[in-house]
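One-letter residues, chain by chain:
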Amino acid sequence: MELFDSLRFKIVRRGIKIVFPEATDARILGAAARLKAEELVEPILLGSEEEITAAANARGITTSSFTIIDPNHYDKWDEMVAAFVERRNGKASKEQAESILKDVNYFGTMLTYMGIADGMVSGAIHSTGDTVRPALQIIKTKPGVSRTSGAMIMVRGRDQEKYVFSDCAINVNPNAQELAEIAVESAKTAELFDIDPKVALMSFSTKGSASASEVDKVVEATKIAKKLAPQYMIDGELQFDASYVPSVAQLKAPHSEVAGQATVFIFPELQSGNIGYKIAQRFGNFEAIGPILQGLNKPVSDLSRGANEEDVYKLAIITAAQTLLD
Ligand SMILES: CC(C)(COP(=O)(O)OP(=O)(O)OC[C@H]1O[C@@H](n2cnc3c(N)ncnc32)[C@H](O)[C@@H]1OP(=O)(O)O)[C@@H](O)C(=O)NCCC(=O)NCCS
């Protein structure tokens, strides 16, 4: 089954509510209309009803079936302000909360935190930091996960060859514990996309072929990840060729159950992760889907500002599917 057919099948008619803070944007409105018509997602649009309706009508979309919440006239405003102050635990006064919650990304994130929405998709007109920061501060990471991270799903060809690359978006230089958690969360993300997770923690060294503190970090992270999630096949430290090419794996890591057949590739820090996925995308003709933020208590997804309507539609489907993860 094609990747998105499988995800659609998982979420259809479940009434999963996704909040879109940038609801007057034509790309968001177009995607929301499709998601609603196909019964994949119940969109919650943020903004003034008048402005959203005008923008929608200009695109030939009727808004009568959408839930619209106007942050300036929200009946649970006081409850939201109080919940924000409590969650920030001394880091914001009531007055500061009232000002911060005027920002649609904070408002949408609070709707998600309060359970009025199940997840959020934003970033079509906001930067990554502005989209993601409210989630880090309010929704926070799941127990046992200290950092959220950004995975890319790499897909190629008709037979939908699929891999997970991580962290490609968030943590500039994770330590061994953080890298181990990224590896485990990436294995879970792989399962969501029907990828059998075989997790390679990558380095410029394979099984002791080079020594450096950078390599030690990956060795340590591999040990921690195996302990954290013994149910998954995890191995390191492996070079990319040893992870991916069976004949190289035979030579460099003959006893590894991951080498030569890895499906989840964990990069040691953000520079290699970000560069790595772009090389696969541009040289290898992979479609790069993401970044998918993993490890949060509830899913929040960041669109690229260059996203088109199809990208919004797809990321909303992924976000809805993430609500089904533990
Ligand atoms: C994600 C990011 C925007 C957060 O930046 P920030 O707001 O400066 O982060 P801060 O350190 O001020 O932390 C803000 C809050 O988020 C939390 N936080 C920051 N990074 C986090 C992470 N990876 N996971 C979980 N929580 C995190 C902090 O603990 C803090 O919480 P608190 O306010 O409750 O104490 C930042 O990590 C970043 O810019 N990363 C690189 C992104 C990038 O440029 N990617 C390029 C490729 S797309």
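The numbers attached to residues start from 1 for each chain and follow its sequence in the written order. The predicted nature of this model means local features are confined to residues of pLDDT at least 70 and side-chain atom pairs, given and counted, to a pLDDT of 80 or more, with totals for whole chains, interfaces and linings taken over all residues. Heavy atoms from the whole structure form the basis of all side-chain values; hydrogens and water molecules are not counted.

Looking at an unreviewed UniProt entry, one finds the protein chain named Phosphate acetyltransferase, with Enterococcus ratti as its source organism.

With that settled, the discussion passes to the overall build of the protein chain. Segments assigned H or I by DSSP are reported as helices when at least four residues long, segments assigned E as strands when at least two residues long, and all are numbered from the N terminus. Along the protein chain, the regular secondary structure elements total 13 helices and 11 strands. With the principal axes as the frame, the protein chain shows a C-alpha extent of 65 × 50 × 30 Å. Every one of the 326 residues in the protein chain was classed for burial, and the buried ones make up 53%. Contacts are residue-level and defined by heavy atoms, with any inter-residue pair within 4.5 Å sufficient. In the protein chain, the proportion of contacts linking residues at least 24 apart, taken out of those at least 6 apart, comes to 73%. Accessible surface is estimated by sampling points in the Shrake-Rupley manner with a 1.4 Å probe; for residues, cover comes only from the protein chains shown. Of the accessible surface of the protein chain, which amounts to about 14,700 Å², a share of 49% is contributed by carbon and sulfur atoms. This count recognises Lys and Arg as positive and Asp and Glu as negative, with His and chain-terminal groups excluded. We put the charge of a Lys on NZ, of an Arg on CZ, of an Asp on CG and of a Glu on CD. Averaging the positions of the 35 positive and the 43 negative side-chain charges in the protein chain gives two centres separated by 3 Å. Residue exposure (1.4 Å probe, protein chains only): buried if accessible area is under 20% of the type maximum, exposed if over 50%, otherwise partly exposed.

Further remarks concern the sheet that holds strand β1 (residues 17–20). Sheet strands pair via backbone hydrogen bonds, and the direction of the pair is either parallel or antiparallel. If you walk across this open sheet you meet the five strands as β3-β2-β1-β4-β11, and the pairing is parallel. Strand pairing shows two members of the sheet lacking a second neighbour, β3 (67–69) and β11 (300–302), which therefore form its edges. Neighbour-to-neighbour, the strand axes of this sheet turn through a mean angle of 25°, independent of strand direction. In the sheet, strand β2 (residues 42–46) pairs with β3 via three bridges, with the strands oriented parallel. Residue pairing across strands places L46 opposite I69, the latter belonging to β3. The strands touched by helix α6 (residues 104–113) within the sheet are β1, β2, β3 and β4 (119–122), with β4 carrying the most contacts at an inclination of about 160°. When DSSP locates at least two bridges between a pair of strands, those strands are taken to pair. A fitted line through C-alpha atoms serves as each axis, taken over the contacting stretch for helices, and the angle formed by two N-to-C directions is quoted from 0 to 180°.

The mixed open sheet is built from six strands, whose spatial order is β8-β7-β9-β6-β5-β10. Of all strands in the sheet, those bounded by a partner on one side alone are β8 (233–238) and β10 (287–294). The sheet shows a mean angle of 20° between the axes of neighbouring strands, direction not considered. Pairing analysis gives three bridges linking strand β7 (residues 198–202) to strand β9 (residues 264–266), with the strands arranged parallel. What sits directly across from L201, in β9, is I266.

This brings us to the packing of helix α8 (residues 176–192) against helix α9 (residues 213–228). Interaxial distance between α8 and α9 falls to 8 Å at its minimum, and their mutual angle equals 50°. On the basis of their axis angle, the class for α8 and α9 is oblique. Note that α8 runs across α9; the crossing there is right-handed. Packed against α8, whose contacting residues are A176, Q177, L179, A180, E181, A183 and V184, the element α9 presents K217, V218, E220, A221, I224, A225 and L228 at the interface. Taken together, the residues of the contact of α8 with α9 break down into 10 nonpolar, one polar and three charged. Each angle gets one of four labels, with under 35 degrees taken as roughly parallel, over 145 as roughly antiparallel, 65 to 115 as roughly perpendicular, and the rest as oblique. Crossings are assigned a handedness: left-handed for a near helix turned anticlockwise from the far helix by less than a right angle, right-handed for a clockwise turn. Under the grouping applied here, Gly and all other residues not named as nonpolar or charged are polar, the nonpolar ones being Ala, Val, Leu, Ile, Met, Phe, Trp, Tyr, Cys and Pro and the charged ones Asp, Glu, Lys and Arg.

Okay, the pairing of β7 next. Of all five residues in β7, five are buried, a share of seventy percent or more. Here β7 shows a buried face lined by K198, A200 and M202 and a second buried face lined by V199 and L201. Relative to β8, β7 runs parallel, the two sharing five bridges. Looking at the pairing, V199 lines up with I234 of β8.

Here we take up the site of the ligand. The environment of the ligand is made up of 14 residues, and the closest members are R88, K91, R133, T148 and A169. Within the side chain of R88, a nitrogen or oxygen atom sits 2.8 Å from an oxygen atom of the ligand. One of the backbone N or O atoms of A169 is found 2.8 Å from a nitrogen atom in the ligand. With four residues, helix α7 (residues 128–139) is the largest single contributor of residues to the shell around the ligand. Proximity criterion: a residue is near a molecule or strand once any of its heavy atoms comes within 4 Å of it. Think of a polar contact as two N or O atoms within 3.5 Å of one another; within protein, one of them needs to be a possible hydrogen donor and the other a possible acceptor, and neighboring residues in sequence only count if both atoms come from side chains.

In the numbering adopted here, UniProt assigns the feature "domain: Phosphate acetyl/butaryl transferase" (unreviewed entry) to residues 13–320. Along residues 13–320 the backbone is 44% helical and 18% strand, and the end-to-end C-alpha distance reaches 11 Å. UniProt positions are given in the numbering used here, feature names are shortened, and annotations may be inferred rather than shown by experiment.

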